[in-house]
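Examining the three-dimensional arrangement
Take a look at the letters that make up each chain.
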There are 2 protein chains.
Amino acid sequence: MSEEPKGPDVDRPGRAATVSRRTFLGGAVVGGVAVAVGLAAWLVRKAPQPSQKGTEMSARLFTFLGGEEGTWAVVESRTIAGEPLPEVKRLNVVSGAVSGLPGGATWLLRGVTSNERYVTRAEKDQLVAKQQGLSRPEATCAALIPIRKTAKWWGLTQDERRKVLEERSRHIEIGLKYLPAIARRLHHCRDLGESEPFDFLTWFEFAKADSGAFDELVAKLRASEEWKYVDREIDVRLVRDGA
Amino acid sequence: MSEEPKGPDVDRPGRAATVSRRTFLGGAVVGGVAVAVGLAAWLVRKAPQPSQKGTEMSARLFTFLGGEEGTWAVVESRTIAGEPLPEVKRLNVVSGAVSGLPGGATWLLRGVTSNERYVTRAEKDQLVAKQQGLSRPEATCAALIPIRKTAKWWGLTQDERRKVLEERSRHIEIGLKYLPAIARRLHHCRDLGESEPFDFLTWFEFAKADSGAFDELVAKLRASEEWKYVDREIDVRLVRDGA
C-alpha cells in the first residue's frame, strides 16, 4: 500500500484539529447488553465535534413517552395496521434522549429529524413558504402516527420510491394543500439502531377547527398507492392540557 | 375528534396481533445518562416484531473497533480532512453492537447498512450484475474511510444532491468501473443518534493487485464536486492477517 509513516496528513493542516484520546478511552463496562450498547454508543457520541455540528445534531432526536403523564391527553388511539401499541392516557414529547423509562411511562418511541429524502427544490420552496412551526397557541390538537413500511418498499430504488410517493400517490402535493393549517415534523427511526418498532414517527399539530381537514388528509394518504407499503400504523389523537 | 371507544381498530383483525405489555414495562433504571439511554432504547427494540424483520434488521448494524487487536492490520492511516482519529495498530469489524469498549480497543465506530438513497433501478441492476461480496479469499486488502459531509450538503434537496453526486460527479458511474475488483459496503451513521462523529463509514475489500486501482478510484472521487461537501475524512488502509 504505502511506506509513508502513519499519522495525520500534514498537507491540509488548516483542516486538521487535535482530538483528545481520552474521549475515546475509558468508561467501565457496567454489564448487561443493553447497558453496554448505550455506553459504547455514548463513547463515540461524546467525541468532540468541530464546528457547531454537535449542537445542531443534538436538537434532532425526539422521544415520545406514552403513559400516565404528559402535556398531551390521548383522546383516541386506533391501530390502522399491524400490532397495536399498549394504550396510554397521556403523552409527552421530549427533545433529546430520555433516561430510562420515567415514572408513569408505559412505552417510548424515538426518532431523529433528518434531511428530506424525496422533495425537490421547487417543492421545498413551496413547503417553506406555506408551512408553520409547531407549538402555535391555537394548535391544541395533535396526532402521533408511527408508521412502518414493508421490506418491499425499502428494496425499491430511489427513483422507484419517488415515483410511488409523489408521481403516483401525490404525497407532497396532498400535504401542501393542508398547509399552513397542519404543522408537522417527521422523525426517522429506521436507522437509529438494529430493530426499531417503526420506520417513522409522524407528528402533526392543528387547531380544533382543522380536525376534519386533518382526517381528510390522512384518509387521502391511506387511500394512495404508497400506503400499500405500510404494514404497521397507529393513529394516536391528542389534545393539549387545558384545551 | 371522535367519540369512538379507545382500542385497536377491529376493522382489520387479520393485521392485528397481540403485544405483550411486559415488553414495554419494567426494567430498572441503572443510573447514568449513557446507561439509561441504552436501556430505554433496548426496551423499545425488544418489542416483538411481526414477520422476520427483527432478524433482517439485526444484520444491519456493524461496529468497527480500532485498537491493539483485530483481524486487519493497519498499514497506513491518513487524515484527508478534519480531525484525525487516534492511531491504532489493528481493526476488527464486528456484526452487531459491541458491549462497551473491549480490551485493546481505542475507538469504535458504528453504522447501519440501509436502503440506497441515490441509485436508479437501471444503475442498481448494473451494480448487482457486476458487484462481488465481501470476504473473498483473494481480497486481502481493505480500506475503512469514514466520511462526514457538511451542513450545506444536508440542506440540499434530494434532486440537488442527486445532481451533484451523479450528474456532476459521476459517483455511481465511477464506482461501477471498478467492479467487481473492489467490493464495498456502505454504513450510515448520521441518523444513528444524536451526534455521531461521521455520516458514513465506507468499507472496501480488494486484492493486493488492485490496490493501484483503488487509489485511482478514491482519487477520482476526491477530485469531484461532491467532495467539496466532505469536511471530515480519514483513510485507513488495512491488510488481513497472514496476507
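Residues numbered from 1 in each chain as written. Chains lettered and ligands numbered in written order. Predicted model: local features only at pLDDT ≥ 70, side-chain atom pairs only at ≥ 80, totals over all residues. Heavy atoms only, no water.

So, on to the overall build of chain A. Secondary structure assignment for chain A yields seven helices and eight strands. Going through the 243 residues of chain A one by one, you find that 56% of them count as buried. In chain A, once contacts between residues fewer than 6 apart in sequence are set aside, the share between residues at least 24 apart is 78%. (Helix = DSSP H or I, 4+ residues; strand = E, 2+ residues; numbered from the N terminus. Buried < 20%, exposed > 50% of the residue type's maximum accessible area, 1.4 Å probe, protein only. Contact = heavy atoms within 4.5 Å.)

What follows covers the packing of aromatic side chains. The geometry of two aromatic rings is summed up by the distance between their centres and the angle between their planes. Residues and elements named next belong to chain B. Counted according to the given criterion, the structure contains 14 aromatic pairs over all chains. Taking the centre distance of 5.4 Å and the plane angle of 80 degrees together, the rings of W72 and W203 count as edge-to-face. Note that W72 is positioned in strand β2 (residues 72–81) and W203 in strand β7 (residues 200–206), a separation of 131 residues in sequence. Each member of the pair, W72 as well as W203, carries the same accessibility label: buried. (Phe/Tyr/Trp six-rings, centres within 6.5 Å; stacked < 30°, edge-to-face > 60°.)

Moving on: helix α5 (residues 158–168) of chain A. Residue and element names in this part refer to chain A. For α5, the full list of buried residues reads Q158, R161, R162, V164, L165 and E166. What you see down the axis of α5 is that its buried residues fit within an arc of 165 degrees, all on one side. Just beyond α5, the residue with positive phi is R170, at close to 55 degrees. (Arc of directions from axis to C-beta.)

Residue and element names in this part refer to chain A. Chain-level pLDDT for chain A is 81 on average; 75% of the residues reach the 70-or-more range. pLDDT under 50 marks residues 1–57. Its contacts with residues more than four places away, or in other chains, come to 122 contacts. ipTM for the predicted complex: 0.77, alongside a pTM of 0.79. (pLDDT = per-residue confidence, 0-100.)

All names here are of chain A. The buried count for strand β7 (residues 200–206) comes to seven of seven residues, which makes it a mostly enclosed element. Taking every second residue as pointing to the same face, both faces of β7 are buried, with F200, T202, F204 and F206 on one and L201, W203 and E205 on the other. The sheet contact formed by strand β5 (residues 141–149) and β7 spans seven bridges and is antiparallel. For A142, the partnering residue across the bridge sits in β7 and is E205. Direction of pairing for strand β6 (residues 183–188) relative to β7: antiparallel, over a ladder of six bridges. Bridge pairing in β7 places R184 opposite F204. (Pairing = 2+ DSSP bridges.)

With that out of the way, let us pick up helix α7 (residues 211–222) of chain A. All names here are of chain A. For α7, spanning twelve residues, the distance from its first C-alpha to its last is 17 Å, which sits close to the expected 16 Å at 1.5 Å a residue. If you check which residues of α7 are buried, you get S211, F214, L217, V218 and L221. Down the axis of α7, the sector holding all buried residues measures 115 degrees, keeping them to one side. Looking at the packing, one finds that the buried side of α7 touches β5, α6 (171–177), β7 and β8 (230–240). (Expected span 1.5 Å × (residues − 1).)

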